There are 2 protein chains.
Amino acid sequence: MNNEVLVVGSVAFDTIENANGSVQRVLGGAASYASICASYFARPFVVGVVGTDFTEADRTPFLKRQVNLDGLEVREGKTFHWGGSYDKDFNTAVTKFTDLNVFQNFNPVLNEAQKNAKAVFLANINPELQISVLDQVKNPKIVACDTMNYWISSKKQALLEVVKRIDVFFLNESEARQLTGEYNLIKAGKLLLEQGIKYVVIKLGSNGAMLVSREGLVQLPPFVLEHVHDTTGAGDTFGGGFTGYLASLDEWDNLQAIKRAMMIGNVMASFTIESFSVDRLANLTQKDIDSRLKEYVSMLTF
Amino acid sequence: MNNEVLVVGSVAFDTIENANGSVQRVLGGAASYASICASYFARPFVVGVVGTDFTEADRTPFLKRQVNLDGLEVREGKTFHWGGSYDKDFNTAVTKFTDLNVFQNFNPVLNEAQKNAKAVFLANINPELQISVLDQVKNPKIVACDTMNYWISSKKQALLEVVKRIDVFFLNESEARQLTGEYNLIKAGKLLLEQGIKYVVIKLGSNGAMLVSREGLVQLPPFVLEHVHDTTGAGDTFGGGFTGYLASLDEWDNLQAIKRAMMIGNVMASFTIESFSVDRLANLTQKDIDSRLKEYVSMLTF
């Protein structure tokens, strides 16, 4: 079956404090959340780098989900380690430290299987590396991309190069405004469509996500949860589920498929935020997922 | 047909400045927006007070929509006049002046027709007056209520009395937090359910609305508009459409009916924000409404 998703990005350790408690050096990183989430829909290949302190136990969640780790390079040194804390509202993450360690010399080099993936998810990394990946892959059907404020400030030109070569772009509200200089999110999205992107997906945090596309505007609510444990990785989970789902389709390039991908992104993110790290996300049954998808559709049926 | 909606609240003049322009002394007030909106679904009766400066022309939008104005008292003096401005994001209204004028002595006294209304919408007024209305009405099937931060601060006890006697409560996010002391909106909603309210509807501004009820949690997106002209009255329109729609039903007290009422509130609010005052809201065709409802349902169909 032709349903490989190449996920390129960080595999990291997170040290997190929030109103529900704290954890130290747990598995994190955009590529971890995205690939583990994508594994429920497609066959993910991770390309990333970790240090020699990354143990077999740290690989367990990936292996359990049959995420291909051939592209997870091990370098002498320590794994990328992020530390941060959240307010009770989870709206703002305050970074306490960012120890890039081996990640600062990350240079993705793809093997044949990775080059031939049907879908590519460029998680939040230096846009120059995203370009390097796009130069290596062989005609993927779907290219989705994420970014962050740091790259918009420091590597805007490279990011605008990336933008011309992707199908789906994930941004949050402030990133969309920062990148385009346009406050209105729909107008910001339309400016990005003019750059050649097909689907601009603006992540709205606890308010779900909005799609700006030539086929129409869509806003979808989140899967509503009363108790949120930790929001780290929610956006990466959204992107991984979205891209993984599209990779599983024969025809992905239409509004209905994109809407379903958004629904899946929202529903999968609801699992991630129920625990620290990938504890919940990596341990789902098909029934867990189907049940929430059904509940979501039911919520939106009049 | 038994579908009267009694709307008690302000009929006012607004002077507004925002990024799209400015208007002076245009028709505003919560009861205006709510009753005109409700008129598309039910038979609204307004109970309010205006000054002798309120002209026949000011009554035109009501009369055009067959809103019953028997309860619109005219007192010697000037009509309530609010002045405010908005930032480009419409998230914060800055009040420039609030000339209550004749409204400060508003004392709703109902006639027989008003007392027998099937539904009551208590727009944002002093909770002591809301209690007075509830003391006068004769067993309405539906009582919905709105409020604002000012009353939560200054008349909390009276407002908590009101809360015990209503079916539906509309609040925005900050009001829900202020009233309950609970940051999490779902927990805040559940605290209000414990007071006897059946349906707590938290208005999320440009992100739609959330329902907290014993039958379940629902979050619905807004009707997505690229260009927002002025958001004044959007919440009142939501409440009026919601309550008016319920008044039109034989069986209103179930989750499906409430979800449709939320959809209608969202869709009707999308018309209000396309113009200053009720210019757009008071001039809709059934086709305008049906077309947006259809588009909304289609957006949420997977």
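This structure is a prediction, so every number in the text was calculated from the model and none was measured.

1. A short note on the packing of aromatic side chains
When we look at a pair of aromatic rings, we describe it by the centre distance and by the angle of the planes.
Link 1 in the chain: This model, assessed by the stated rule, comprises 22 aromatic pairs over all chains.
Link 2 in the chain: Ring centres 5.8 Å apart and planes at 75° place the aromatic pair Phe121 of chain B and Phe170 of chain B in the edge-to-face group. With Phe121 of chain B in strand E8 (residues 119-122) and Phe170 of chain B in strand E10 (residues 168-172), this pair connects stretches of sequence that are 49 residues apart.
Link 3 in the chain: In this structure Phe170 of chain B comes out as buried when scored by relative accessible area, which is 1%.
Link 4 in the chain: Between the aromatic rings of Phe170 of chain B and Phe242 of chain B, the centroid separation amounts to 5.0 Å while the plane-to-plane angle is 90°, which identifies the pairing as edge-to-face. Residue Phe170 of chain B is located in strand E10, and its partner Phe242 of chain B is located in helix H9 (residues 234-247); the two are separated by 72 residues in the primary sequence. Across the pair, exposure class does not vary: Phe170 of chain B and Phe242 of chain B are buried alike.
Link 5 in the chain: We note Arg177 of chain A situated over the ring of Tyr183 of chain A; from NZ or CZ to the ring centre the distance is 3.8 Å.
Link 6 in the chain: Stacked on the ring of Tyr40 of chain B, the Lys or Arg Arg65 of chain B has its end atom at 3.7 Å from the ring centre.

2. A short note on the sheet that holds strand E3 (residues 21-28) of chain A
Residue and element names in this part refer to chain A.
Link 1 in the chain: With mixed pairing, four strands are arranged side by side in an open sheet as E3-E2-E6-E7. The sheet is open, and its two edges are formed by E3 and strand E7 (93-99), each paired on a single side. On average, each strand axis in the sheet is tilted by 15° relative to the strand beside it, whichever way the strands run.
Link 2 in the chain: In this sheet, E7 lies alongside strand E6 (residues 81-86) in antiparallel orientation, the contact comprising six bridges. Within E7, the position partnered with Trp82 by the bridge is Thr98.

3. Some remarks on the relation of the copies chain B and chain A
Link 1 in the chain: Once chain B has been moved 0.0 Å along the axis and rotated by 180°, it coincides with chain A to within an RMSD of 0.0 Å. What the superposition gives is, in effect, a two-fold axis relating one chain to the other.
Link 2 in the chain: The share of interface residues of chain B whose copies in chain A are also at the interface is 100%, consistent with both copies meeting through the same surface.

4. Details of the environment of Thr95 of chain A
All names here are of chain A.
Link 1 in the chain: You can see Thr95 is positioned in strand E7.
Link 2 in the chain: Between the C-alpha atoms of Thr95 and Gly83, which are 12 residues apart in sequence, the distance is 6.0 Å.
Link 3 in the chain: Beyond its immediate chain neighbours, meaning those up to four positions away, Thr95 contacts Trp82, Gly83 and Gly84.
Link 4 in the chain: Reaching out from Thr95, the side chain makes a polar contact with the side chain of Trp82 at a distance of 3.1 Å.

5. Describing unusual backbone geometry
Residue and element names in this part refer to chain B.
Link 1 in the chain: Unlike most non-glycine residues, Arg25 shows phi in positive territory, near 55°.
Link 2 in the chain: Among the structural elements, Arg25 can be located in strand E3 (residues 21-28).
Link 3 in the chain: Phi is positive for Gln66, close to 55°, though the residue is something other than glycine.
Link 4 in the chain: Its place among the elements puts Gln66 in the loop between helix H2 (56-64) and strand E5 (68-75).
Link 5 in the chain: Residue class for Gln66 comes out exposed when judged on its relative accessible area of 68%.

6. So, the environment of Lys155 of chain B
Residue and element names in this part refer to chain B.
Link 1 in the chain: In this fold, Lys155 is placed in the loop between helix H5 (149-154) and helix H6 (156-163).
Link 2 in the chain: Residues Lys155 and Glu128, 27 residues apart in the sequence, show an inter-C-alpha distance of 8.1 Å.
Link 3 in the chain: If sequence neighbours within four positions are ignored, Lys155 has contacts with Asn126, Pro127 and Glu128.

7. Let's talk about the sheet that holds strand E5 (residues 68-75) of chain A
All names here are of chain A.
Link 1 in the chain: Ordered in space as E5-E4-E1-E8-E9-E10-E11-E12-E13, the nine strands form an open sheet in which the pairing is mixed. Each edge of the open sheet is held by one strand with a lone partner, namely E5 and strand E13 (216-220). Strand after strand, the sheet turns through a mean of 15° between neighbouring axes, direction not considered.
Link 2 in the chain: Relative to E13, strand E12 (residues 209-213) runs antiparallel, the two being bridged by five bridges. Along E13, the bridge assignment pairs Met210 with Gln219.
Link 3 in the chain: In the packing of helix H4 (residues 127-136) onto the sheet, the strands contacted are strand E1 (4-8), strand E8 (119-122) and strand E9 (142-146), and the crossing angle to E8 comes to about 170°.
Link 4 in the chain: Across the sheet, helix H7 (residues 173-180) lies against strand E10 (168-172) and strand E11 (199-203), angled at about 105° from E10, the strand it touches most.

8. Observations concerning helix H8 (residues 185-193) of chain B
Residues and elements named next belong to chain B.
Link 1 in the chain: Among all positions of H8, only Leu185, Ile186, Ala188, Gly189, Leu192 and Leu193 are buried. Buried positions in H8, seen along its axis, are confined to an arc of 160° and lie on one side of it.
Link 2 in the chain: For H8, the elements touching its buried residues are E10, helix H7 (173-180), strand E11 (199-203), strand E12 (209-213) and strand E13 (216-220).
Link 3 in the chain: If you check the start of H8, you find a side-chain oxygen 2.9 Å away from the backbone N of Ile186, and it comes from Asn184.

9. Observations concerning the confidence of the model for chain A
As a note on interpretation, predicted positions should not be read in detail where pLDDT is low.
Link 1 in the chain: Put simply, chain A has an average pLDDT of 96, and 100% of its residues get 70 or more.
Link 2 in the chain: For this predicted complex, the interface score ipTM comes out at 0.94, while the overall pTM is 0.96.

10. Brief notes about the interface of chain B and chain A
Link 1 in the chain: Chain B puts 33 residues into the contact, and the matching count from chain A is 33 residues.
Link 2 in the chain: Here chain B and chain A share an interface that buries about 2800 Å² over both sides, 60% of which is from carbon and sulfur atoms.
Link 3 in the chain: Of all residues in chain B, Gln219, Glu226 and Phe302 of chain B give up the largest surface area on contact with chain A, accounting jointly for 30% of the area buried on that side.
Link 4 in the chain: At the boundary of chain B and chain A, one finds 14 residue pairs in polar contact (both at pLDDT 80 or more).
Link 5 in the chain: Every element with two or more residues in the side of chain B that touches chain A is listed here: H8, E13, helix H10 (255-272) and helix H11 (286-299) of chain B.
Link 6 in the chain: Here the residues of the side of chain B that touches chain A sort into 17 nonpolar, nine polar and seven charged.

Scoring rules and cut-offs
- Residues numbered from 1 in each chain as written.
- Chains lettered and ligands numbered in written order.
- Predicted model: local features only at pLDDT ≥ 70, side-chain atom pairs only at ≥ 80, totals over all residues.
- Heavy atoms only, no water.
- Phe/Tyr/Trp six-rings, centres within 6.5 Å; stacked < 30°, edge-to-face > 60°.
- Helix = DSSP H or I, 4+ residues; strand = E, 2+ residues; numbered from the N terminus.
- Buried < 20%, exposed > 50% of the residue type's maximum accessible area, 1.4 Å probe, protein only.
- Lys NZ or Arg CZ within 6 Å of the ring centre and 35° of its normal.
- Pairing = 2+ DSSP bridges.
- Axes fitted to C-alpha atoms, helices over the stretch in contact; angles between N-to-C directions.
- Least-squares fit on C-alpha atoms with pLDDT ≥ 70 in both.
- Contact = heavy atoms within 4.5 Å.
- Polar contact = N/O pair within 3.5 Å; in protein donor to acceptor, adjacent residues only side chain to side chain.
- Arc of directions from axis to C-beta.
- pLDDT = per-residue confidence, 0-100.
- Buried area = accessible area lost by both parts, 1.4 Å probe.
- Nonpolar A, V, L, I, M, F, W, Y, C, P; charged D, E, K, R; others polar.

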